[in-house]
Amino acid sequence: MTTTATTPTTPAPTANGRTVALAFFAARAVLEGVLTRHGLTYHQSVTIRAVVAAGGSIARDALVADVNGSLKTDESVVRGVVDELTAGTLLEEDPADPSRLRLTEAGRELDETTSAESAEVSARLYAGIPAEDLAVAGRVLALVTERANAELAGA
């Protein structure tokens with residue numbers, strides 16, 4: 001007689017603040033490894049990506065508002081990051097409109113490099129997860145984000 005050992009399956013965790021935070025901080029730690037190799041902080045990377053998302057040029061106040069909306073930090077922290085990137089010659093005034101900031105050539109190159117490396121990491125992290133599961137997770141996280149932003153706006 002042959003017996004087959006069975007392994008009890010562990011139920012999938014319910015999505016809640018803890019599971020979302022654990023996933024975020026684990027993925028962020030991996031990303032920060034990429035960024036650190038290139039001399040960037042997480043906040044600097046978010047700021048550079050905001051300039052890219054804005055089409056490569058954005059008003060300073062709009063950039064600060066965008067990054068502050070993403071990071072949920074004090075505005076002075078974001079202004080400090082913008083100043084660091086400007087002093088580090090990764091951001092500069094846009095010659096076409098000095099009220100706007102744009103990436104320098106060095107900033108663009110750094111963004112392209114870190115984005116490519118980050119995309120490779122993301123591909124590994126999300127590999128094998130069915131598209132339907134990612135769509136459901138995306139909808140749930142978008143709703144949680146919307147509700148949390150509403151809570152913050154009401155505070």
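All of the points below concern the structure found in this document. (Residues numbered from 1 in each chain as written. Predicted model: local features only at pLDDT ≥ 70, side-chain atom pairs only at ≥ 80, totals over all residues. Heavy atoms only, no water.)

Regarding the packing of helix H1 (residues 17-37) against helix H5 (residues 105-126)
- Running from N to C, H1 and H5 cross one another at 155 degrees; their axes reach a closest spacing of 10 Å. By the angle between their axes, H1 is roughly antiparallel relative to H5. The chirality of how H1 crosses H5 is right-handed. Contact residues: Ala27, Val30, Leu31, Val34, Leu35 and Arg37 in H1; Thr114, Glu117, Ser118, Val121 and Leu125 in H5.
- Partitioned by chemical class, the residues of the contact of H1 with H5 number 7 nonpolar, 2 polar and 2 charged. (Axes fitted to C-alpha atoms, helices over the stretch in contact; angles between N-to-C directions. Helix = DSSP H or I, 4+ residues; strand = E, 2+ residues; numbered from the N terminus. Parallel < 35°, antiparallel > 145°, perpendicular 65-115°, else oblique. Left-handed = near helix turned anticlockwise from the far one by under 90°. Contact = heavy atoms within 4.5 Å. Nonpolar A, V, L, I, M, F, W, Y, C, P; charged D, E, K, R; others polar.)

Side note on the sheet that holds strand S3 (residues 97-103)
- Strand order across the open sheet formed by 3 strands is S1-S3-S2, with antiparallel pairing between neighbours. Looking at strand neighbours, the two that pair on one side only are strand S1 (57-59) and strand S2 (91-94), the edges of this open sheet. With strand direction ignored, the average angle separating the axes of adjacent strands in the sheet is 40 degrees.
- Note: S2 against S3, 4 bridges, orientation antiparallel. (Pairing = 2+ DSSP bridges.)

Remarks on the nonpolar core
- With 21 residues, the main nonpolar core has Leu40, Leu63, Val67, Leu85 and Leu91 as its most contacted residues.
- Sorting the residues of this core by element identifies helix H2 (42-53), helix H3 (60-71), helix H4 (75-87) and S3 as the ones contributing at least two each.
- Considering every element that reaches this core, the biggest residue donor is H2, with 5 residues. (Core = buried A, V, L, I, M, F, W, Y, C linked by side-chain atoms within 4.5 Å. Buried < 20%, exposed > 50% of the residue type's maximum accessible area, 1.4 Å probe, protein only.)

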